Amino acid sequence: MFHPLPLYIGLRYVRSRSQGFFVSFISWVSMLGICVGVAALITVISVMNGLEGEMRGRLLSLASHATLSGEPEQLQDWPALADRIRKEEGVVGVAPYIDLQGMLGRGADMRAALIRGVDPELESQVSDIGAHMQVGSFTDLIAGEQHIILGAGLAYALDARVGDEITVLVPALSAQGEGVVSGIDLKPRIQNFIVSGVFEAGAQEQDNVLALIHLQDASGLAGTHGMPNGLRLKFDDIFAAPVRTPQINEALGGKFKVSDWSIENASYFRAVRIEKTMMTLILMLIVAVAAFNIIAALVMVVNEKRTDIAILRTVGMTPRAVVGVFMTQGVLIGWFGALLGLVVGLLLAFNVSTIVPFLEGLFGAKVFDPTVFVISDMPSEVQWPQVMGITLTALALTVLATIYPSLRGAATEPAEALRYE
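Since this is a predicted model, take the numbers as computed values, not measurements.

S.K.: Please provide a residue-by-residue account of unusual backbone geometry, values included.
M.R.: Within the chain, Asp159 stands out as a residue other than glycine whose phi angle is a positive 50°. With respect to the secondary-structure elements, Asp159 resides in the loop between helix H5 (152–158) and strand S6 (165–171).

Shown next, in the form of structure tokens:
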């Protein structure tokens, strides 16, 4: 026998084979329930992290981390402004842009589109458009050549191919005020462009609405005389953009409007966070149910060991020590299940890309059908703070589950328990 005594007796109770079958069964079910709950939660959250990261990467493959926009007169000397921003800490790229809301037409088909004017030489600093070209080359955008690159969804909607002529229609201010009715400008600018390429980023927000033209051609359509709408920024750390962008704006005098990826895609990432939160709560219920099973198992153990408790109390064991005995038993069951779930969950999360294809081949079904979903693989990203939070929550629940049965055992009256022995 070793000390402390409550720990010794609690371990003996765990290893004891004299317990009833039902009590042992409930204990094993409790341990396995906590194991399954923790493992499922770690795996599911890791997969959702992977999906979120994959979609974030696709959304930002053509979008910048942040933008600084302003009036044309504020950007007259934009090359010098861009050089100054590049010297800021964490900035790895700066490129000008012009965004125009307009319509693209081919034959009888018309589609709303976001027409973005870019500088092909600088755009590669802030986006990966070159890596997503399906047809043609990004370098085909040459000033004055009236070339346009379409998103795959937009090209499909217009049935447009390389070499086809596209009509671009954008609203523009009238120099004499003609065509303005009740403050609404009705005078459009219309220009023909030649399709020189098609890109596919894998995000509908880009592929279905975005068209790219040269910055100078966009300036001609917008009437900005060569000045962009703003500058697009890329940081070495994407999560630094929401913090660093306002700081850079302040360093420039605070005269620009700032935006970043977390603002522009706020609704999408908010929906993902809500889904992750709800999934966490649902799966944590599995752990909670298993913890309630620990309560039931320990209550039955206490009823079964009433005589043992009475004898221990008569030889001098304190109520606090009795509490320690049953807490040891419950905590050992719960913690073993939680730690086993941690190991199983990490093994599943780190090997999802191997396990899922094996199961798909075994059952002949696709989790993400490549003909329907943009993402055909199952990504996984383990974030250690989340893993530790899940594990610690499970450990805490198991500790809480042992309190009531342990207090009930400590409240056993020796004389009452031994009356009929």
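S.K.: Tell me about the packing of helix H10 (residues 266–304) against helix H15 (residues 403–410), residues and numbers included.
M.R.: The geometry of H10 relative to H15 is characterised by a closest axis approach of 8 Å and an angle of 10° between their N-to-C directions. The orientation of H10 relative to H15 falls into the category roughly parallel. Residue-level contacts link Ile295, Leu298, Val299, Val302 and Asn303 of H10 to Tyr404, Pro405, Arg408 and Gly409 of H15. Residue classes in the contact of H10 with H15 are distributed as six nonpolar, two polar and one charged.

S.K.: Describe the nonpolar core, naming the residues involved and giving the relevant values.
M.R.: Counting residues in each nonpolar core, the largest one holds 49 residues, and the members touching the most others are Ile85, Leu104, Ile148, Leu150, Val168 and Leu233. At six residues, strand S2 (residues 91–106) tops the list of elements feeding residues into this core. Those residues in contact with Leu150, other than ones at most four positions away along the chain, are Leu104, Ala155, Ala160, Val195, Gly197, Val198, Phe199, Leu210 and Ala211. With 22 residues, the next largest nonpolar core counts Ile45, Ile294, Leu298 and Ala349 among its residues.

S.K.: Let's hear about the packing of helix H12 (residues 319–350) against H15: which residues, and what values?
M.R.: Where H12 meets H15, the closest approach of the two axes is 8 Å, and the angle between their N-to-C directions is 140°. Considering their axes alone, H12 and H15 lie oblique with respect to each other. For the element pair H12 and H15, the recorded crossing hand is right-handed. Where H12 abuts H15, its residues Pro319, Val322, Val323, Phe326 and Met327 lie against Ser406, Leu407, Gly409 and Ala410.

S.K.: Tell me about the environment of Gly136, and name the residues and values.
M.R.: Residue placement: Gly136 occurs in strand S4 (residues 133–136). Note: C-alpha distance between Gly136 and Ile149 (13 residues apart in sequence) is 8.5 Å. Here Gly136 is in contact with Ser196 and Gly197, once residues within four sequence places are set aside.

S.K.: Summarise the packing of aromatic side chains; cite the residues concerned and give the values.
M.R.: For any pair of aromatic rings, the description rests on two quantities: the centre-to-centre distance and the angle between the ring planes. Per the stated rule, a full pass over the model turns up two aromatic pairs. Look at Phe239 and Trp261: their rings are 5.8 Å apart centre to centre, the planes differ by 75°, and that puts the pair in the edge-to-face class. Taken as a pair, Phe239 in the loop between strand S11 (230–235) and helix H8 (241–251) and Trp261 in helix H9 (residues 261–264) lie far apart in primary sequence, 22 residues in all. Overall, the relative accessible area of 49% leaves Phe239 in the partly exposed class. When its relative accessible area of 7% is taken as the criterion, Trp261 is described as buried.

S.K.: Can you explain the side chain of Ser30? Please cite residues and give values.
M.R.: Mapped onto the elements of the fold, Ser30 is located in helix H2 (residues 21–60). The class for Ser30 is buried, based on a relative accessible area of 1%. Excluding its chain neighbours within four sequence positions, the residues that come into contact with Ser30 are Ala290, Asn293 and Ile294.

S.K.: Tell me about the environment of Pro379, and name the residues and values.
M.R.: As for its placement among the helices and strands, Pro379 is situated in the loop between helix H13 (352–363) and helix H14 (384–401). Sequence separation between Pro379 and Gly50 is 329 residues; the distance between their C-alpha atoms is 4.7 Å. Here Pro379 is in contact with Ser46, Val47, Gly50, Leu51 and Glu54, once residues within four sequence places are set aside.

S.K.: If you had to explain the pattern of salt bridges to someone new, which residues and values would you point to?
M.R.: Side-chain pairs of opposite charge can arise whenever the charged atoms involved come near each other. In total, this model carries seven salt bridges according to the counting rule given. In this structure, Lys276 and Glu52 form a salt bridge, with 3.3 Å as the shortest nitrogen-oxygen distance. Residue Lys276 is located in helix H10, and its partner Glu52 is located in helix H2; the two are separated by 224 residues in the primary sequence. Each member of the pair Lys276 and Glu52 is classed as buried. Ionic pairing is found between Asp159 and Arg161, a salt bridge with its closest N-O pair at 3.2 Å. On the basis of relative accessible area, Arg161 is assigned to the exposed category, the value being 54%.

S.K.: Now, about the side chain of Thr398: what can you tell me, with residues and values included?
M.R.: Structurally, Thr398 can be placed in helix H14. Within the structure, Thr398 has its side chain in polar contact with the side chain of Trp335 (distance 3.1 Å).

S.K.: Give a detailed account of the pairing of S6, specifying residues and quantitative values.
M.R.: Judged by which residues are buried, S6 turns out to be one-sided: Ile166, Val168 and Val170 face inward and are buried, whereas Glu165, Thr167, Leu169 and Pro171, on the alternate face, are not. Direction of pairing for S2 relative to S6: antiparallel, over a ladder of three bridges. Considered in S6, the bridge of Gly105 is made with Thr167. Bridge count for S6 against strand S9 (residues 188–199) is seven bridges, and the pairing is antiparallel. Residue pairing in the sheet places Val168 in a bridge with Gln191 of S9.

What counts and what doesn't
Along each chain, the written sequence defines residue order, and numbers are assigned to residues from 1. Given that this is a predicted model, residues contribute local features only at a pLDDT of at least 70 and side-chain atom pairs are listed and counted only at 80 or more, while totals for whole chains, interfaces and linings are drawn from all residues. Based on all heavy atoms of the structure, the side-chain values leave hydrogens and waters out of the count. By the criteria applied, helices consist of DSSP H or I runs no shorter than four residues and strands consist of E runs no shorter than two, each listed in order from the N terminus. The axes used here are C-alpha line fits, helices contributing only the stretch in contact, and every angle between their N-to-C directions lies in the interval 0 to 180 degrees. Any angle between 65 and 115 degrees counts as roughly perpendicular, while under 35 counts as roughly parallel, over 145 as roughly antiparallel, and the rest as oblique. The contact rule is simple, with two residues in contact once any of their heavy atoms fall within 4.5 Å. Put simply, Ala, Val, Leu, Ile, Met, Phe, Trp, Tyr, Cys and Pro go in the nonpolar bin, Asp, Glu, Lys and Arg in the charged bin, and everything else, Gly too, in the polar bin. By nonpolar core is meant a set of buried Ala, Val, Leu, Ile, Met, Phe, Trp, Tyr and Cys residues that side-chain atoms within 4.5 Å join together. Throughout, exposure labels follow a simple rule: accessible area from a 1.4 Å probe, protein chains only, divided by the maximum for the residue type, with under 20% read as buried, over 50% as exposed, and the rest as partly exposed. Two helices cross in a left-handed way if the nearer one is turned anticlockwise from the farther one by less than a right angle. They cross in a right-handed way if the turn is clockwise. For this analysis, a ring pair means two rings from Phe, Tyr or Trp (six-membered ring only for Trp) whose centres lie within 6.5 Å, classed as stacked if their planes differ by under 30 degrees, edge-to-face if by over 60, and tilted for the remaining angles. Salt-bridge detection follows one rule: a side-chain nitrogen of Lys or Arg within 4 Å of a carboxyl oxygen of Asp or Glu. As used in this structure description, the phrase polar contact means that two N or O atoms lie within 3.5 Å; if the pair is within protein, one of them must be able to donate a hydrogen and the other to accept it, and residues adjacent in sequence are counted only when both atoms belong to side chains. Only strands that DSSP links by at least two bridges are regarded as paired with each other.

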